[in-house]
Amino acid sequence: MFDLKGKVALITGAARGQGRSHALRLAEAGASIIGIDICRQIDTVPYAMGTRDDLDRTAEEVRAQGGRVLTLEADVRSSADLDAAVREAVREFGGIDIVVANAGTVNGIAPMWELSDEQFRDQLDVNLTGVWRTIKATVPQLIRQQRGGSIILISSISGIVAELNVGHYSASKHGVNGLMRTLAAELAPHSIRVNSVNPTNVNTPMIDNEAYNHLFSGGKEGATQKDSLSALQGMNGLPVPFVEPVDISNAIIYLASEAGRYVTGTTHVVDAGATAPFKAPQL
């Protein structure tokens, strides 16, 4: 149903989690993959980030299913890194057709006035400015090619409703949806479609780690993901604690393919009912 043969997809944050899943799902449909990741730690992020070994594993898994892949270390906070990655992608594959701006972190939970300057800065630098820099690096190439394209920005339900104690994260994700809407209008004359995907909690290392298991378990020492499941499920309408990375990848492949050829400017939600009216905050 979803045929992406001959297409080239650039994915940020590709070392593991959602990014690896997106790479595998797009490659399965026939796309060549450019996987980008910072492959090092950001000081304010309270869990271990992806490594070069993780990014190499993504490449190995893509190749194992017969896909073509190029992996590069690049920081979405650096336009120079992203520009170099685009040049390398064009040199290797001849162009870019699909852009998935997936790189993101969450770096602390606290009332907005208790967040540190560094937390707020780093959150927006990666989650919002990093998306803009990805757009800035890739869009000129898509326009030059004159063959349309699809850009998918990974936002969050935090980008469409109020969520407490993650004001910096919510601000970054609301900003991503603002970028998406404007970019969709600006690129429509070029037949380049732009959409966002807005998940609830996704079962990745971003939520399954020591810091957040401790938080969601109510402060239990040595907590594991099992201890967090009740609290996580309480955030959704459906009786599940989270969705899986492939659930987001399935939305991406629809938006990237011919099946979504007339879909642009939308906030595509994969939320297990988390934003249904009975869950909406009283604003």
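Sequence order as written defines residue numbering, which begins from 1 separately in each chain. Only residues with pLDDT of at least 70 get local features here, since the model is predicted, and only at 80 or more are side-chain atom pairs given and counted; chain-wide, interface and lining totals rely on the full set of residues. With hydrogens and water set aside, each side-chain value is computed from the structure's full complement of heavy atoms.

Colleague: Could you give me a rundown of the overall build of the protein, with the residues and numbers involved?
Modeller: Helix and strand content of the protein: eight helices and seven strands. Each radius of gyration is computed over the set of C-alpha atoms, and the globule rule expresses the reference value as 2.2 Å times the number of residues to the power 0.38. Since a compact globule built from 283 residues should have a radius of gyration of about 19 Å, the 18 Å found for the protein is in line with a globular shape. Dimensions of the protein along its principal axes, counting C-alpha atoms only, are 50 × 40 × 40 Å. What makes two residues a contact is simply this: any of their non-hydrogen atoms within 4.5 Å. Here the contacts in the protein between residues at least 6 apart in sequence split such that 72% fall between residues at least 24 apart. Helical segments are the DSSP runs of H or I of at least four residues, strand segments are the runs of E of at least two, and each set is numbered from the N terminus.

Colleague: Summarise the sheet that holds strand β3 (residues 69–73); cite the residues concerned and give the values.
Modeller: Strands sit in the order β3-β2-β1-β4-β5-β6-β7 across an open sheet of seven strands; the sheet is parallel. Two strands bound the open sheet, and with one partner strand each, they are β3 and β7 (267–270). Adjacent strand axes in the sheet meet at a mean angle of 15°, parallel and antiparallel pairs treated alike. To get an axis, a line is fitted to the C-alpha atoms, and for a helix only the part in contact is used. The angle between two axes follows their N-to-C directions and goes from 0 to 180 degrees. Contacting β1 (8–12), β2 (32–37) and β3, helix α3 (residues 79–93) runs over the sheet at an angle of about 160° to β3. Two strands form a pair only when DSSP identifies at least two bridges running between them.

Colleague: Can you break down the environment of Ala-259 residue by residue, with the values?
Modeller: When you line up the elements, Ala-259 lands in the loop between α8 (245–256) and β7. Residues Ala-259 and Glu-88, 171 residues apart in the sequence, show an inter-C-alpha distance of 29 Å. With near-sequence residues (within four places) excluded, Ala-259 lies in contact with Phe-2 and Tyr-254.

Colleague: So what's going on with the pairing of β2? Residues and values would help.
Modeller: The buried fraction of β2 amounts to six of the six residues, a majority that puts the element mostly inside the structure. Burial along β2 is two-sided: Ser-32, Ile-34 and Ile-36 and Ile-33, Gly-35 and Asp-37, pointing in opposite directions, are all buried. By the bridge criterion, five bridges tie β1 to β2 in an arrangement that is parallel. Residue pairing for β2: Thr-12 is matched across the bridge by Ile-36. For the segment spanning β2, helix α2 (residues 52–64) and β3, crossover handedness is right-handed. Exposure classes here rest on a 1.4 Å probe applied to the protein chains alone. A residue is buried below 20% of its type maximum, exposed above 50%, and partly exposed in between. The handedness of a crossover follows from its direction of travel: if, with the strands pointing away from the viewer, the path from the first strand over the helix to the second runs clockwise, the crossover is right-handed.

Colleague: An account of the side chain of Asn-127 is requested, with residue identities and associated values reported.
Modeller: Take Asn-127: it is sitting in helix α4 (residues 117–145). Under the rule applied, a polar contact is a pair of N or O atoms within 3.5 Å (in protein, one hydrogen donor and one hydrogen acceptor; residues adjacent in sequence only if both atoms are side-chain atoms). At 2.9 Å, the side chain of Asn-127 and the backbone oxygen of Thr-105 are in polar contact. For Asn-127, the side chain forms a polar contact with the side chain of Ser-172, separated by 3.3 Å. Dropping the residues within four chain positions of it, Asn-127 is found in contact with Ala-103, Gly-104, Thr-105, Tyr-169, Ser-172, Lys-173 and Val-176.

Colleague: Describe the nonpolar core, with residues and values.
Modeller: By nonpolar core we mean a set of buried residues, namely Ala, Val, Leu, Ile, Met, Phe, Trp, Tyr and Cys, connected to one another through side-chain atoms within 4.5 Å. Counting residues in each nonpolar core, the largest one holds 41 residues, and the members touching the most others are Ile-34, Ile-96, Ile-151, Leu-153, Leu-187 and Val-194. Apart from residues lying up to four places away in sequence, Ile-34 is in contact with Val-8, Ala-9, Leu-10, Ile-11, Leu-70, Leu-72, Ala-89 and Phe-93. If you look at the next biggest cluster of nonpolar residues, it comprises 32 residues, including Ala-27, Val-202, Ile-252 and Ile-253.

Colleague: With reference to specific residues and values, describe α4.
Modeller: Here α4 contains 29 residues, and its C-alpha end-to-end distance of 41 Å stays within 8% of the 42 Å for a straight helix at 1.5 Å per residue. Where α4 bends most, at Thr-129, the angle is about 40°. Downstream of α4 by a residue or two, Gln-146 has a phi angle that is positive, lying close to 55°. Helices are assigned an expected span. That span is 1.5 Å times one less than the residue count. Fitting one axis to the seven residues ending at a residue and another to the seven starting there, the bend at that residue is the angle between the two axes.

Colleague: If you had to explain the pairing of strand β5 (residues 149–154) to someone new, which residues and values would you point to?
Modeller: Successive side chains on a regular strand alternate, one facing one side of the sheet and the next facing the other. Across the six residues of β5, six count as buried, placing the element largely inside the fold. Both faces of β5 are covered, namely the face carrying Gly-149, Ile-151 and Leu-153 and the face carrying Ser-150, Ile-152 and Ile-154. One ladder, built from four bridges, connects strand β4 (residues 98–101) with β5; its direction is parallel. Bridging from a neighbouring strand, Ala-101 pairs with Leu-153 of β5.

Colleague: A description of a nonpolar patch on the surface should follow, citing residues and the corresponding values.
Modeller: A cluster of nonpolar side chains, contributed by Met-112, Trp-113 and Phe-120, occupies part of the molecular surface with about 400 Å² of accessible area. Mapped onto the fold, Phe-120 is located in helix α4. Nonpolar side chains (Val, Leu, Ile, Met, Phe, Trp, Tyr) are joined into patches within 5 Å and like charges within 9 Å, using only residues with over 30% relative accessible area and no salt bridge. Using the Shrake-Rupley algorithm and a 1.4 Å probe, accessible areas are obtained, with residue cover drawn only from the displayed protein chains. Each salt bridge in this description consists of a side-chain nitrogen of Lys or Arg and a carboxyl oxygen of Asp or Glu lying within 4 Å of one another.

Colleague: Lay out the side chain of Asn-198 in plain terms, naming residues and giving numbers.
Modeller: Inspection of the secondary structure puts Asn-198 in strand β6 (residues 192–199). Once residues lying within four places of it in the same chain are set aside, the contact partners of Asn-198 are Ser-155, Ser-156, Ile-157, Ile-160, Asn-177, Thr-267, His-268, Val-269 and Val-270.

Colleague: Which residues make up α3, and what values go with them?
Modeller: For an α-helix, the turn length of 3.6 residues means that residues three or four places apart are oriented alike. Taking 1.5 Å of rise per residue, the 15 residues of α3 would be expected to cover 21 Å, and the 21 Å separating its terminal C-alpha atoms lies within 8% of that figure. All of the buried residues in α3 are Leu-82, Ala-85, Val-86, Ala-89 and Phe-93. Taken down its axis, α3 places every buried residue within 100° of arc, on the same side. Of the residues in α3, the exposed ones pointing more than 90 degrees away from the buried face are Ala-80, Arg-87 and Arg-91. In this structure, the buried side of α3 is in contact with β1, β2, β3 and α4. Just downstream of α3 lies Gly-94, where phi reads positive at about 90°. To be clear, the arc concerns the directions from the helix axis to the C-beta atoms.

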